[in-house]
Amino acid sequence: MHLPCFIQKIRAGGVNVNQAVEALRMENITKVYPNGVIANKSVTFVVNQGEIHALSGENGAGKSTLMKILFGEEQPTSGTIFANGQKVNISSPTEAIRLGIGMVHQHFMLVPSLTVAENMMLGIEPRKGLKIDRKRAEKEVREISHKYNLPIEPNERVEDLTVGQKQKVEILKALLRGAKILILDEPTAVLTPQETRELFAELKTLRSNGYTIIFISHKLNEVKEFCDRITIIRRGQTMGVYPLSDISEQEISKLMVGRDVILKISKNKILPGAPAIKVRNLKILEESGRVRINNISFTVREGEILGVAGVEGNGQAQLVKALTGLGPYHSGSIELCGTDIRKKSVSDIRKLSVAHIPEDRMTIGIAPRLSVTENTVIDKTDNIRFFTRLGLSKSSEIREYGKKMVRDYHILCKTPDVSVESLSGGNIQKTVLARELSGGPKVIIADQPTRGVDVGATEFIRRQLIAMRDAGNSIFLITSDLNEVLGLSDGIIVLFEGEITAYLPDASNVTEEELGQYMLGIKRQSPEQISEVLHEQKD
Amino acid sequence: MNRRINLIVDLTKMLLIILIACVLVFIIVFLTSQEPADAVYSFFVGPFTSLRRIGNIVEAATPLMFTALAVIIIFRAGQFSMISEGAFFIGILGAMIVAITGRMPPGIHPLAAIVFGGFCGAFVASVPAVLKMMWGVSELVTSIMLNYVVQFFTIYVVSYHYREITSSSLASLLFQETSAMPVIVEGTRVHLGVIVALVLCFLGFLFLQRTRLGFKLRVTGDNLHFAQYAGVGAAGVMVSAQVLAGAIAGIGGGAELLGMYTRFKWTSSPGYGWIGIVVALLARRNPLLVPLAAAFIGYLNVGADIMARSSDVSREVVLIIQGVMMLLIASEALLQHWRQKLIVKAAEKEAKEGNDDAPPELPDASIGGNDIPYTGVDTPTPNSPDQEGL
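From a predicted model like this one, the values you see are computed outputs, not experimental measurements. (Residues numbered from 1 in each chain as written. Chains lettered and ligands numbered in written order. Predicted model: local features only at pLDDT ≥ 70, side-chain atom pairs only at ≥ 80, totals over all residues.)

## What to know about the overall build of chain B
Broken down by element type, chain B carries 14 helices and 0 strands. Secondary structure elements of chain B occur, N-terminal to C-terminal, as α-α-α-α-α-α-α-α-α-α-α-α-α-α. Every one of the 390 residues in chain B was classed for burial, and the buried ones make up 47%. Of the contacts formed within chain B by residues at least 6 apart in sequence, a portion of 78% connects residues at least 24 apart. (Helix = DSSP H or I, 4+ residues; strand = E, 2+ residues; numbered from the N terminus. Buried ≥ 20, exposed ≤ 12 C-beta atoms within 10 Å, placed from the backbone. Contact = placed C-beta atoms within 7 Å.)

Below you can see the structure in the form of structure tokens.
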């Protein structure tokens, strides 16, 4: 915001100078949360009509807060908002919608058991007497879906849709309510490359129809590819607005993080050892009887990272739960470090030197109101180093350990005694990592280890995982970040509808497109190719 | 910084609550009394006019300390069992049986009676806990229902097996003289039970902060999903917490019986478990603050008694005050605005100091242990475990 907007408008490629009308202006927004966190410090954010404007920054930089303020979900401590030149007070999402601001949340706000039309019309149903006019609802959905070239079947149930289709429903829902400014919160995080490209095409159509799009993303290559301008936020402050034609990915990431970041993942080749995770003919049924994992077998060897690629919801969550003892499995066997884990409790499995970095760390990965130190020793209460045999804690040992963890894992906090919930997302994940990796694990189940983590912390976490692998440990990596699965893994298996559809022994030779085809179920390898992942000698 | 702000706000909140309670007393008294000055005097100053009355405060506070400690241990484990009422009453029954039938020397007799009372309390408390563990039955519902079962069972046992037949009202047989708890302050009825309570409060604090089980208990109470994920054995922890709490309440019942009475004379459950919840909340779920909170509630009770005796205002006034206080304690939003303002100010000041000369730099996460505080995001939050509300 330091250069006059006018010059930037001219410099911004793809924006017609005559059309550059301010659609939205957030001026000097400051937000202090009740716990004292300053999420935004005098941020000014301006979006022009008919542009795709990227909003980038590390996790905890204040992007989400800014957008929550814009959508009326949070109130700013100070600052003003102008929509179409008018000063406005956005007190609630309803008010935001009335002003033509729509939001597509990262986690979809849809009712799975209702149809597409019912979801879209929720709260604004066309009526015929006392009844809902289903015919008209359906017709309206068809019309709007046709108008914006977002094909969707109104009578389909939302639970049967793919992630990409659900996103379309969310976008249409916002458009139907008269949104002229669309906020998309990390829309590509859950999409395959093919779906991502489709989304970009749709968003470009919207732009040419005069819609304004605010695109929140960590993925710099996407931002670079199709956004017009970018606002970068670091630590609650704007680092400037740039037309994307004038700035490189490297420069953006430097502005975001404040230093040069190595975006490429580099690792040495090492020879894998004996099998550490052996899964054979595993079948997992849901309580409803639905098959989530259908008869899969694979092996992860020592000194190997086996990546799991796949669109979310294809059985990854159930597989991880079964491997860590948190969920049941129906038939087949799981062997960790040579021990069959059937009927074993979570703590029994942990005692086999198994570490688990959970996907949803805020829900299951931490005790939020306990200190960083306490969070790093909770799995070590049987260790004679921290608790005497009578069960009394050795406070000084524990305190020292907490300090060491904070130091070794670069957890940024005032002291190790502060509660974990006061840390940023990346530092919470580092706390989880410190606990899980410091116990000397042989098998590490890493579920989305860098999701929602900022660039700097991502780099650190990846490097830690590679170091663990180089030390001869086995890592089972589940991630929806294609860049990560390709860069970090040695071999990759692809999960599609609960089955392994491909085994790619050398991740460095795989392209995103190829992987995407397996992930969407377009292509499938032969059983012989897939069984290579067992690493068993054939007679 | 925030910790200090929270302390200031919390203390002010407590003072405000007490002030509101006092104002309420004034209003009620002035509305109902013919001689309000006397009533107010006897309510506020009355409890301190003699050693015996000060003793009364301690006597009133003693059972509350036990039940409040039990409530704290249950709540800190994330459970909502209301069993401390029933556990306290069954503890009375257990101790009574030993006190009447036991033939033991003086020192051992009360000890055995109280221990047996604690055992009874633990048993009763384990019922809702086990039901929850096995079949997922809500401990809130089962514990409340069980309190009635305990009450009528106790009354039945006393009426049919230990009743003093010569007495017209319900009373048990006289306890053995060897079973009495010694009085520790001459001229009052303050008995050894208060020492037991104080020691237990301190041990309760140590248990929560300094032992393996206490640590697991706090983790389970903070985030059950995390406890399961970390392999803490959350189900076992939840049951142990309730059993332990039941034992504490049961011990409290035994100590109360042997310290204050020579016969069982209750016709219904005395309600210490319920008031214990008020005390636990007033103590901010911290065992170390329990004696203070219990003493305050005890003071209100004694004041009300004296007022009822020496003026024309009834002692039910205290129940009104307790109800209002519970509402005020539970109201998280009280003074929240002020707290927010203080925090904003502190955060802004801190940000200014930290970032005056240099633009914010993220410390290099890759090399060395750089301990620069990340003031933008990492400011500590209010909730240290012993400061948060319910």
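## Focus: the overall build of chain A
The number of helices and strands found in chain A is 19 helices and 22 strands. Against the 2.2 N^0.38 benchmark of 24 Å for 539 residues, chain A shows a C-alpha radius of gyration of 25 Å, consistent with a compact globule. For the C-alpha atoms alone, the extent of chain A along its principal axes is close to 70 × 55 × 50 Å. Counting all 539 residues of chain A, 50% fall into the buried class. Long-range contacts, defined as pairs at least 24 residues apart, comprise 69% of the intrachain contacts of chain A with a sequence gap of at least 6. (Rg over C-alpha atoms; globule rule 2.2 N^0.38 Å.)

## As for the packing of helix α2 (residues 36–44) of chain B against helix α12 (residues 290–310) of chain B
All names here are of chain B. Where α2 contacts α12, the two axes come as close as 7 Å, and the packing angle between them is 145°. Handedness of the crossing formed by α2 with α12: right-handed. Where α2 approaches α12, its residues D38, A39, S42, F43 and F44 are matched on the opposing element by G303, A304, I306, M307 and S310. (Axes fitted to C-alpha atoms, helices over the stretch in contact; angles between N-to-C directions. Left-handed = near helix turned anticlockwise from the far one by under 90°.)

## Overview of helix α6 (residues 163–176) of chain A
Residues and elements named next belong to chain A. The terminal C-alpha atoms of α6, which comprises 14 residues, lie 20 Å apart, in line with the 20 Å expected from a rise of 1.5 Å per residue. Taken together, the buried positions of α6 are occupied by K166, Q167, K168, V169, E170, I171, L172, K173, A174 and L175. Looking at the buried side of α6, the elements it contacts are β6 (101–104), α4 (116–121), α5 (134–147), β9 (181–185) and α7 (193–208). Following α6 by one or two positions, G178 has its phi on the positive side, about 85°. (Expected span 1.5 Å × (residues − 1).)

## Remarks on the packing of helix α5 (residues 108–135) of chain B against helix α10 (residues 234–260) of chain B
Residues and elements named next belong to chain B. Viewed as axis vectors pointing N to C, α5 and α10 meet at an angle of 145°, and their least axial separation amounts to 6 Å. With respect to the hand of their crossing, α5 and α10 are arranged in right-handed fashion. Along the lines of polarity and charge, the residues of the contact of α5 with α10 split into 22 nonpolar, 9 polar and no charged. (Nonpolar A, V, L, I, M, F, W, Y, C, P; charged D, E, K, R; others polar.)

## Here's the deal with helix α14 (residues 395–408) of chain A
Residues and elements named next belong to chain A. Helix length check: α14 (14 residues) gives 20 Å between terminal C-alpha atoms against 20 Å at 1.5 Å per residue, within 8%. Within α14, the full set of buried residues consists of I398, Y401, G402, M405 and V406. Considered in projection along α14, the buried side chains sweep an arc of 135° and stay on one side of the axis. Buried residues along α14 sit against α13 (372–377) and α15 (425–438). (Arc of directions from axis to C-beta.)

## Details of the pairing of strand β20 (residues 474–478) of chain A
Residue and element names in this part refer to chain A. In terms of residue burial, β20 counts as a mostly covered element, since 5 of its 5 residues are buried. Because side chains alternate across β20, one face comprises the buried residues S474, F476 and I478, and the other comprises I475 and L477, equally buried. As defined by bridge partners, strand β15 (residues 304–309) adjoins β20 across 5 bridges and the pair is classed as parallel. Note on β20: the bridge partner recorded for I305 is I475. Inspection of the sheet shows strand β19 (residues 443–447) paired to β20 by 5 bridges, in the parallel sense. In the strand pairing of β20, A446 is matched with L477. (Pairing = 2+ DSSP bridges.)

## So, the pairing of β6(A)
All names here are of chain A. Alternating positions in β6 separate into two faces, I101 and M103 on one and G102 and V104 on the other, with burial throughout. Bridge count for β6 against β9 is 4 bridges, and the pairing is parallel. Along β9, the bridge assignment pairs M103 with I183.

## With respect to unusual backbone geometry
Unusually for a residue other than glycine, A:C337 sits at a positive phi of about 50°. Note that A:C337 resides in the loop between β16 (331–336) and β17 (339–340). Positive phi, normally seen in glycine, also occurs at B:R284, with a value near 55°. Its place among the elements puts B:R284 in the loop between α11 (272–282) and α12.

## Some remarks on the sheet that holds strand β1 (residues 22–32) of chain A
Residues and elements named next belong to chain A. Taken in spatial order, the 4 strands line up as β2-β1-β4-β5 in an open sheet, and their pairing is antiparallel. Only two strands of the sheet have a single neighbouring strand rather than two, namely β2 (38–48) and β5 (86–88). Across the sheet, the axes of successive neighbouring strands diverge by a mean angle of 20°, strand direction being ignored. Sheet analysis places β1 next to strand β4 (residues 78–83), joined by 5 bridges and oriented antiparallel. Bridged to E27 within β4 is T80.

## Section: the domain arrangement of chain A
You'll often see interface size given as the accessible area lost when the parts meet. Residues and elements named next belong to chain A. One can read the domain layout of chain A as domain 1 (5–100 + 180–257), domain 2 (108–178), domain 3 (273–353 + 441–539) and domain 4 (362–440). Each of domain 1 and domain 2 has a C-alpha centre, and these two points are 26 Å apart. Contacts between the two partners involve 12 residues from domain 1 and, on the opposite side, 10 residues from domain 2. Here the side of domain 1 that touches domain 2 gets 6 residues from one element, more than from any other, and that element is α7. In terms of residue class, the side of domain 1 that touches domain 2 is built from 7 nonpolar, 2 polar and 3 charged. (Domains from an automatic or database assignment.)

## A closer look at the nonpolar core
A:V494, B:A68, B:L69 and B:V279 are the most contacted members of the largest nonpolar core, which totals 187 residues. Per-domain counts for this core show at least three residues from each of domain 3 (273–353 + 441–539) and domain 4 (362–440) of chain A. Once residues within four sequence positions are removed from consideration, B:V279 is found in contact with B:L64, B:A68, B:V290, B:A293, B:A294 and B:I297. (Core = buried A, V, L, I, M, F, W, Y, C linked by C-beta atoms within 7 Å.)

## Section: the confidence of the model for chain B
Close inspection of predicted coordinates is inappropriate in any region flagged by low pLDDT. Residues and elements named next belong to chain B. Taken over all residues, the pLDDT of chain B has a mean of 84, while the share at 70 or more is 88%. Predicted confidence for residues 355–390 stays below pLDDT 50, and this span has 83 contacts to residues more than four positions away or in other chains. Here the predicted complex carries an ipTM of 0.77, next to a pTM of 0.75. (pLDDT = per-residue confidence, 0-100.)

## A look at the environment of B:F75
Residue and element names in this part refer to chain B. Within the element layout of this structure, F75 appears in helix α3 (residues 51–76). Residue F75 is classed as partly exposed on the basis of its 19 C-beta neighbours within 10 Å. Remark: the alpha-carbon pair of F75 and L206, spanning 131 residues in sequence, is separated by 16 Å.

## Some words on the environment of A:A117
Residues and elements named next belong to chain A. Here A117 lies in helix α4. For A117 and R142, which are 25 residues apart along the polypeptide, the C-alpha to C-alpha distance reads 8.9 Å. Ignoring any residue separated from it by four or fewer positions in sequence, one finds A117 in contact with A137, E138, V141, P154 and N155.

## Focus on the sheet that holds β6(A)
Residues and elements named next belong to chain A. An order of β6-β9-β10-β3-β11-β12 is seen for the 6 strands of this open sheet, with the pairing classed as mixed. If you trace the sheet from one side to the other, it starts and ends with β6 and β12 (237–243), each paired once. Between one strand axis and the next, the sheet turns through 20° on average, direction left out of account. Pairing analysis gives 4 bridges linking strand β3 (residues 52–57) to strand β10 (residues 212–216), with the strands arranged parallel. The partner of H53 across the bridge, within β10, is I214. This element, α6, spans β6 and β9 of the sheet and lies at about 170° to β6.

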